[in-house]
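Okay, here's what each chain looks like letter by letter:
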Amino acid sequence: MSMDERSVVAEVRRVTLRELRLWVREGWVQPAQGERGPAFDEVDVARIRLLCDLRKEMALPADALPVVLTLIDRLHETRRDLRDLTKALEEQPEEVRRSVVAGFRERRRGSYRTDGGA
Amino acid sequence: MSDDPYEILGVPKTASHDEIKKAYRKLAKALHPDLHPDDAGKKAEFQAVSAAYGLLGDPEKRKRFDAGEIDASGQERPERHYYHQYAGQDAGRRYDPGMGAQEYEDAADFFSDLFGRRSRSGGGDYREAFHTRGPDLRYHLEVDFLDAVRGAKRSVTMPNGKAIEISIPAGVHDGQTLRLRGKGGAGFGEGPPGDALVTIGVLSHPVFTRDGDDIEMELPITLDEAVLGAKVDVPTISGTVSMSVPKGASSGRRLRLKGKGIVRASGKAGDQNVRLKIVLPDRMDGELEELAKRWREHSDFEPRKELRRQT
């Protein structure tokens, strides 16, 4: 799926063309470049809806948006990394997996003890 | 009854909150079931009006209805895909903020290397903070159906102003992404350049459609060609070929042109499937009518026999 600016505005009725262009200029939405201007795919459209929710429903001020977006993006990045790491780990021999899991649990217990301040 | 809540309340889409409230009160007074104990129609109308007001009287719900996110019954529309559903997949990577390598500086070398996005493909000696890989650049390229099935070369100007040559492989499908290594943004320091990611949009063709590596098309033939059989010219994606229409071919019959579909780089080729369609002239001539009349007199052909038996 690929949509130009006008189809996006028609699809996501909460966003105006002006806002959309601003969001792209700010780098909050990063459409692919097409021969006739920006080309948005479903990831971009879902992100535009998220921006509408943050900006309009939750009335988040424009200057707070980059902070929130970066946190959200970082969260997703970390989750994906964790998922990939887990998958890579699953392909390891049984004893390697066990040893990694044991080490991980050990660290976690350790950090609870520290945080808990016993 | 319409299920558009605006129509039910009889207000324009631009109505203010007060106008909606007023319209609702007026209708509620006129339709209230306690005022019309035995009128089922009025009761149903009253319920519809109440439901419409439940939606439009709530500014939050009204906004979401206007935006097409919930339907008239207040249900979430199924189309809404939340961002996290995409961000969890690899397509979401484009919005990664990119983790500074310093976040892992107390970790073992191999681990910082593992997550060191900035040092992905470079050779040996780099300090990650100063030598980083360039960004990937995304481009969307619309190609004609024939270019997509036959393969083509296109030159495009990337967002950074650089022109690059793109080889579209034969059989590329709609939505496919081509990765051109090193054709993205320049690296920083001694970091390598990023990649160009080109998603392909395939435009439709008035004659050909595609089913995997096979090409489908409909071929109009005349009545005499269908009755007597004929050799006809058929367009394919690689030029016109001659094909035999067998004697007595019906509309809908499928003929296969072997190897005339998409030819992959491996040499593997799909077929072209031709669907016959018998077409009569726009204006019927007397001779054809005479022929049909004579044929009808002695023919006992019943093409709808099966149909009758099965229904």
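In case you missed it, the structure is sitting above this.
Cut-offs applied
- Residues numbered from 1 in each chain as written.
- Chains lettered and ligands numbered in written order.
- Predicted model: local features only at pLDDT ≥ 70, side-chain atom pairs only at ≥ 80, totals over all residues.
- Heavy atoms only, no water.
- Helix = DSSP H or I, 4+ residues; strand = E, 2+ residues; numbered from the N terminus.
- Buried < 20%, exposed > 50% of the residue type's maximum accessible area, 1.4 Å probe, protein only.
- Contact = heavy atoms within 4.5 Å.
- Patch = residues over 30% accessible without salt bridge, like charges linked within 9 Å, V, L, I, M, F, W, Y side chains within 5 Å.
- Areas by Shrake-Rupley, 256 points an atom, 1.4 Å probe, with all protein chains shown as cover.
- Salt bridge = Lys/Arg side-chain N within 4 Å of Asp/Glu carboxyl O.
- Buried area = accessible area lost by both parts, 1.4 Å probe.
- Polar contact = N/O pair within 3.5 Å; in protein donor to acceptor, adjacent residues only side chain to side chain.
- Nonpolar A, V, L, I, M, F, W, Y, C, P; charged D, E, K, R; others polar.
- Expected span 1.5 Å × (residues − 1).
- Lys, Arg positive; Asp, Glu negative; His and termini not counted.
- Charge placed at Lys NZ, Arg CZ, Asp CG, Glu CD.
- Pairing = 2+ DSSP bridges.
- Axes fitted to C-alpha atoms, helices over the stretch in contact; angles between N-to-C directions.
- Parallel < 35°, antiparallel > 145°, perpendicular 65-115°, else oblique.
- Left-handed = near helix turned anticlockwise from the far one by under 90°.
- Phe/Tyr/Trp six-rings, centres within 6.5 Å; stacked < 30°, edge-to-face > 60°.
- Lys NZ or Arg CZ within 6 Å of the ring centre and 35° of its normal.

### Regarding the environment of B:Leu219
Residues and elements named next belong to chain B. With respect to the element layout, Leu219 can be found in strand S7 (residues 214-221). The class of Leu219 is buried, set by a relative accessible area of 7%. Each C-alpha atom, one on Leu219 and one on Asp233, is 9.7 Å from the other, the two residues being 14 residues apart in sequence. Residues within four places of Leu219 in sequence aside, it is in contact with Val232, Asp233, Val234, Met243, Val274, Arg275, Leu276 and Lys277.

### Some thoughts on a nonpolar patch on the surface
A surface patch of nonpolar side chains, amounting to about 440 Å² of accessible area, comprises B:Leu223, B:Val227, B:Leu228, B:Leu280 and B:Met284. On the accessibility criterion, B:Leu228 (59% relative accessible area) is exposed.

### Digging into the interface of chain B and chain A
On the side of chain A, 35 residues touch chain B, which itself brings 37 residues to the contact. Regarding the contact of chain B and chain A, the summed buried area is about 3,200 Å², with carbon and sulfur atoms giving 48% of it. Contact with chain A buries surface across chain B, with B:Tyr83, B:Tyr95 and B:His140 losing the most and accounting together for 22% of the total. At the surface where chain B touches chain A, the tally comes to nine salt bridges. Between B:Arg93 and A:Asp81 there is a salt bridge whose closest N-O contact spans 3.7 Å. Summed over the shared surface of chain B and chain A, the result is 15 residue pairs in polar contact (both at pLDDT 80 or more). At the level of secondary structure, the elements contributing two or more residues to the side of chain B that touches chain A comprise helix H4 (59-66), helix H5 (83-87), helix H6 (109-115) and strand S1 (137-143) of chain B. Among the elements that take part in the side of chain B that touches chain A, S1(B) stands out by supplying five residues, more than any other. Taken together, the residues that form the side of chain B that touches chain A break down as 15 nonpolar, eight polar and 14 charged.

### Details of the pattern of salt bridges
Counted under the stated rule, the structure contains 36 salt bridges over all chains. For B:Glu216, the salt bridge identified is with B:Arg254, shortest N-O distance 3.3 Å. Of the two residues, B:Glu216 is situated in strand S7 and B:Arg254 in strand S10 (residues 254-257); the sequence distance between them amounts to 38 residues. The exposure class assigned to B:Glu216 is buried, which follows from its relative accessible area of 10%. On the basis of relative accessibility, which here comes to 48%, the residue B:Arg254 falls in the partly exposed class. A cluster of three or more residues bridged by salt bridges with shared partners is formed by A:Arg80, A:Asp81, A:Arg83, A:Asp84, B:Arg93 and B:Asp96.

### With respect to helix H3 (residues 40-56) of chain B
Residue and element names in this part refer to chain B. Over its 17 residues, H3 runs 24 Å from end to end, which matches the ideal 24 Å to within 8%, given 1.5 Å per residue. The complete set of buried residues in H3 reads Phe46, Ala48, Val49, Ala52, Tyr53, Leu55 and Leu56. On its buried face, H3 sits against helix H1 (5-9), helix H2 (17-31) and H4. Where H3 starts, the residue carrying a side-chain oxygen 3.1 Å from the main-chain nitrogen of Gly41 turns out to be Asp39.

### Notes on a negative patch on the surface
A contiguous patch of negative charge, built from B:Asp285, B:Glu287, B:Glu289 and B:Glu290, is present on the exposed surface. As for its placement among the helices and strands, B:Asp285 is situated in the loop between strand S11 (272-278) and helix H9 (286-298).

### Quick notes on the sheet that holds S10(B)
All names here are of chain B. The strand order across the open sheet built from four strands is S6-S7-S11-S10, with neighbouring strands paired in mixed fashion. What marks the edges here is a single partner per strand, and that holds for strand S6 (209-211) and S10. With strand direction ignored, the average angle separating the axes of adjacent strands in the sheet is 35 degrees.

### A closer look at the packing of helix H3 (residues 42-57) of chain A against helix H4 (residues 65-90) of chain A
Residue and element names in this part refer to chain A. Two numbers describe how H3 lies on H4: the axes approach to 12 Å, and their chain directions differ by 135 degrees. With respect to their mutual orientation, H3 and H4 come out oblique. Considering only the axes of H3 and H4, their crossing is right-handed. Contacts between H3 and H4 involve Arg47, Leu50, Leu51, Leu54 and Arg55 from the former and Leu65, Val68, Leu69, Ile72 and Asp73 from the latter.

### A look at the packing of aromatic side chains
Tallied over the entire structure, the rule returns four aromatic pairs over all chains. Pairing B:Tyr83 with B:Tyr95 gives two aromatic rings, centres 6.3 Å apart and planes at 65 degrees, and the pair type is edge-to-face. Taken together, the positions of B:Tyr83 in helix H5 and B:Tyr95 in the loop between H5 and H6 put the pair twelve residues apart, joining distant regions of the chain. With a relative accessible area of 4%, B:Tyr95 lands in the buried category. Directly above the ring of B:Tyr95 sits A:Arg47, whose terminal nitrogen or CZ lies 3.7 Å from the centroid.

### Quick notes on the environment of B:Ala72
Residue and element names in this part refer to chain B. Take Ala72: it is sitting in the loop between H4 and H5. Considered as a pair, Ala72 and Ala51 are 21 residues apart in the sequence and their alpha carbons are 8.5 Å apart. In contact with Ala72, other than residues within four places in its own chain, are Asp3, Pro5, Leu55 and Phe65.

### Remarks on the sheet that holds strand S2 (residues 37-39) of chain A
Judged by pairing direction, the sheet is mixed, and its five strands sit side by side in the order S2(A)-S1(A)-S1(B)-S5(B)-S4(B) without closing on themselves. The sheet is open, and its two edges are formed by S2 of chain A together with strand S4 (177-180) of chain B, each paired on a single side. Neighbouring strand axes in the sheet, compared pairwise and without regard to direction, differ in orientation by 35 degrees on average. In the sheet, S4(B) pairs with strand S5 (residues 196-202) of chain B via four bridges, with the strands oriented antiparallel.

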